[in-house]
Amino acid sequence: MSEFYAHPKMADGHLNKCKDCTKADIKAYRESYPERELETRLKACSKNPTHKNANMAVDAALRCGRLEKPERCQGCGRSGQETRLSAHHFDYTQPLNVIWLCAACHRPIDKIRAFVDSGRSWDEWKHERYVRDGKVKRALKFYKESGREKVNHKSVI
């Protein structure tokens, strides 16, 4: 019985297919109807806008062709063959509104977003070495040019 999922509506309390068959059926269904999976992911993201739900929506959009991953990082221009590109969300309530960044560009932008979201002032920034670093300056410039977030750049750059 451990090879079958529990299902309270069945007579014996278990699903009538083994776990491996159920997983194969679900995988085949997702591959057959990628738009439905995307709709499901977008609904989940609208109810609970988290990092995980937004990333799952991006993955579903890539599979069904609604999004395409570019060949280069949109922050520094490095090739996707040199480094792995990942989607950066400015707002998790809009899961398909992303930019594609390499890890070197993504990390400082996420640090800046976390800092801005915390509501602290730039005077409280404890890691000044990151502010003087060229990567963070580039990330701040990118944020400023994108117009997505309002950041007090004058005290940083």
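Conventions we followed
Residues numbered from 1 in each chain as written. Predicted model: local features only at pLDDT ≥ 70, side-chain atom pairs only at ≥ 80, totals over all residues. Heavy atoms only, no water. Helix = DSSP H or I, 4+ residues; strand = E, 2+ residues; numbered from the N terminus. Expected span 1.5 Å × (residues − 1). Buried < 20%, exposed > 50% of the residue type's maximum accessible area, 1.4 Å probe, protein only. Arc of directions from axis to C-beta. Contact = heavy atoms within 4.5 Å. Axes fitted to C-alpha atoms, helices over the stretch in contact; angles between N-to-C directions. Parallel < 35°, antiparallel > 145°, perpendicular 65-115°, else oblique. Nonpolar A, V, L, I, M, F, W, Y, C, P; charged D, E, K, R; others polar. pLDDT = per-residue confidence, 0-100.

A separate point is helix α2 (residues 34-47). The end-to-end C-alpha separation of α2 is 20 Å, in line with the 20 Å expected for 14 residues at 1.5 Å each. Along α2, the positions that sit buried rather than exposed are E37, L38, R41 and C45. All buried residues of α2 lie within an arc of 100° about the axis, which places them on one face of the element. Away from its buried face by more than 90 degrees, α2 exposes T40, K43, S46 and K47. Where α2 is buried, its residues meet α1 (19-32) and α3 (51-64).

Moving on, we get to the packing of α1 against α2. Contact geometry for α1 and α2: axes closest at 5 Å, N-to-C directions at 100°. Classified by the angle their axes make, α1 and α2 are roughly perpendicular. Contacts from Y29, R30, E31 and S32 of α1 reach α2 at P34, R36, E37 and R41. A per-class count over the contact of α1 with α2 returns two nonpolar, one polar and five charged.

On to the confidence of the model for the protein chain. In low-pLDDT segments, the atomic positions of the prediction should not be examined closely. Overall, the predicted model of the protein chain reaches an average pLDDT of 79, with 75% of residues at or above 70. Here helix α5 (residues 128-132) is the element of the protein chain with the lowest mean pLDDT, 49, and strand β1 (residues 4-6) is the one with the highest, 93. This model gives residues 149-157 a pLDDT under 50, and the stretch forms 18 contacts once residues within four places in sequence are excluded.

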